[in-house]
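In case you want the letters, here they are:
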Amino acid sequence: MTSSAPLHGPLLRERFAALDDFLLKHQELWRPVPFTALRLPWEDQHPQLAAWLRGRTLAEADAIHNHPELLPAPAPYPQLAERSASLSDIGELPAAQVDRVPNGFTVDVPGRKWQQIEAFASRLGFLQAPRHWLDWCSGKGHLGRRLAHDGGALTCIELDPQLVASGLLLSQRLGIDAEHCEQDALAANAAQQLDARHTPVALHACGDLHVRLLQLASAAGCRQLAVAPCCYNRIDTPDYEPLSQTARASALKLSKADLRLPISETVTAGSRVRRQRDRSMARRLAFDLLQRELRGEDHYLPSPSLPTSWLDKPFAHYCRDLCELKQLPAPDDTRDWDKLEGAGWQRLAEVRNLELPRSLFRRPMELWLLLDRALFLEEQGYQVTLGSFCQAQLTPRNILLLAER
Ligand SMILES: C[S@@+](CC[C@H](N)C(=O)[O-])C[C@H]1O[C@@H](n2cnc3c(N)ncnc32)[C@H](O)[C@@H]1O
């Protein structure tokens, strides 16, 4: 199964079938979310693994978060880790030598984004030279300009009028022949923006946005396209609606909540953001214990996302305000708040560690979703190649779908 080469041809279908099998067979491990359950159903089947994970610290969980396959946990963990690694193996797309562009092109582009753009641009090994780039959900259009720097035409599609205006200004300054269209990619009239001459590209267009592009571009007769998807869970339907006939025939049904799994990696978050997120999660987990007691119901109670200023409130105020927001009885003043807050941190450590078996299915699920897109494009007559365009440290959404017909 180890390929370390991009996937194309019959490999796409073969890998899809193997991933489908793996995900279906181990649903009890990846479907339940540790954050919302005090105990997970699989803990009874694998008590040794559960106890081992529950005994670890938050720092230990975080240290292994991005490489769960390396964790020396009891069975069945190592076997699952090995299978996950081999099913997730996907090689780099061949890199072509690309022209350097003048420094002006990097104005206004964050460093990491520019590296992603350069990597993306270097992997577009199309057989026919593109003539008119279409940058879908382009933001300011940095990717499109990078690709059209040598005289190709460029159309950028973007919803946010400010990004459209800034993009236009940047294109004019650099002398790029670009049209920046303020357009909702999901609106019915978006189809009018595409025709057979275009080579659509999309770097990190979320859920429905990149799916729409695949549908519109294939219907418009575009000969080539290159898409690096992200945020698979940003969809308008409650459940995932597969695109390809193959995925539609699968018994695997994914909810919107399941679709959060592939993007639950935190590779690129900075330490300040991580500390803030931990504090917020520990408080929520502590509040979860409190609300179960106050309601006399042993179930998770969803609460809305709260402004970060809530984290500055003393913990007791935080809980009282959240009780009020959720219309729960007010907790009494004699409670040991430090103890409850500590219990929240303890639960956070347990949750992060119990998430590790689940995280072995992150990449397999992402690849299943990408292969659904690849197989859909194949059904539309494209030759499709799926491979990475940069290291995961640069962006965890590092896989590019290249299609040509
Ligand atoms: C994650 S950003 C990616 C931007 C750019 N491709 C990049 O890599 O920097 C997604 C972009 O999609 C745009 N967007 C969101 N909803 C949209 C819609 N319905 N139609 C068009 N663009 C949309 C956002 O404004 C944002 O610029």
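Look above for the structure.
Residues numbered from 1 in each chain as written. Predicted model: local features only at pLDDT ≥ 70, side-chain atom pairs only at ≥ 80, totals over all residues. Heavy atoms only, no water.

(A) Inspection of the packing of aromatic side chains at higher detail. Taken as a whole, this structure holds eight aromatic pairs when the rule is applied. Summarising the aromatic geometry, the rings of Phe22 and Phe361 are spaced 4.9 Å apart at their centres and angled 25° between planes, so their arrangement reads as stacked. Here the residue Phe22 occupies a position in helix α1 (residues 10-25), and Phe361 occupies one in the loop between α14 (337-359) and α15 (362-379), the gap between them amounting to 339 residues. Judged on exposure class, the residue Phe22 and its partner Phe361 are both buried. Aromatic pair Phe35 and Tyr300: ring centres 6.2 Å apart, planes at 75°, arrangement edge-to-face. Note that Phe35 is positioned in the loop between α2 (27-30) and α3 (42-45) and Tyr300 in the loop between α12 (271-295) and α13 (315-325), a separation of 265 residues in sequence. Among the residues examined, Phe35 registers a relative accessible area of 11% and is labelled buried. Sitting over the face of the ring of Tyr318, Arg283 holds its NZ or CZ atom 4.9 Å from the ring centroid. The lysine or arginine in question, Lys313, covers the ring of Trp310, its NZ or CZ lying 3.6 Å from the ring centre. (Phe/Tyr/Trp six-rings, centres within 6.5 Å; stacked < 30°, edge-to-face > 60°. Helix = DSSP H or I, 4+ residues; strand = E, 2+ residues; numbered from the N terminus. Buried < 20%, exposed > 50% of the residue type's maximum accessible area, 1.4 Å probe, protein only. Lys NZ or Arg CZ within 6 Å of the ring centre and 35° of its normal.)

(B) The environment of Asn189, seen in detail. One can find Asn189 in the loop between β4 (178-182) and β5 (198-206). With a relative accessible area of 38%, Asn189 lands in the partly exposed category. A sequence separation of 146 residues divides Asn189 from Arg335, and the C-alpha atoms of the two residues are 58 Å apart.

(C) Just α15, in detail. Under the 1.5 Å per step criterion, the end-to-end length of α15 is 26 Å for 18 residues, consistent within 8% with the ideal 26 Å. Counting buried residues in α15 gives 15 out of 18 residues, a clear majority hidden from the surface. Looking one or two residues past α15, Gly381 carries a phi angle of roughly 95°, positive in sign. (Expected span 1.5 Å × (residues − 1).)

(D) Focus on helix α10 (residues 207-220). Between its first and last C-alpha atoms α10 spans 20 Å; for 14 residues at 1.5 Å apiece the expected length is 20 Å, and the two agree. If you check which residues of α10 are buried, you get Gly207, His210, Val211, Arg212, Leu213, Leu214, Leu216, Ala217 and Ser218. In this structure, the buried residues of α10 make contact with β2 (132-136), β5, β6 (224-230), α15 and β8 (399-404). Just downstream of α10 lies Gly221, where phi reads positive at about 85°. (Contact = heavy atoms within 4.5 Å.)

(E) Expanded view of the site of the ligand. Every one of the 13 residues lining the ligand counts as a neighbour, but Lys113, Glu158, Asp184, Ala185 and Leu203 are closest to it. One nitrogen or oxygen atom from the main chain of Cys137 is found 3.0 Å from a nitrogen atom belonging to the ligand. Interatomic distance of 3.3 Å between a backbone N/O atom of Leu159 and a nitrogen atom of the ligand. When the ligand is considered free in solution it has 590 Å² of accessible area, and contact with the protein chains removes 75% of it. For the shell around the ligand, the residue count by class is six nonpolar, four polar and three charged. (Near = heavy atom within 4 Å. Polar contact = N/O pair within 3.5 Å; in protein donor to acceptor, adjacent residues only side chain to side chain. Areas by Shrake-Rupley, 256 points an atom, 1.4 Å probe, with all protein chains shown as cover. Nonpolar A, V, L, I, M, F, W, Y, C, P; charged D, E, K, R; others polar.)

(F) Looking closely at the environment of Val384. By the element assignment, Val384 lies in strand β7 (residues 383-388). Judged by relative accessible area, which is 3%, Val384 ranks as buried. The sequence separation of Val384 and Leu225 amounts to 159 residues, and the corresponding C-alpha distance is 9.6 Å.

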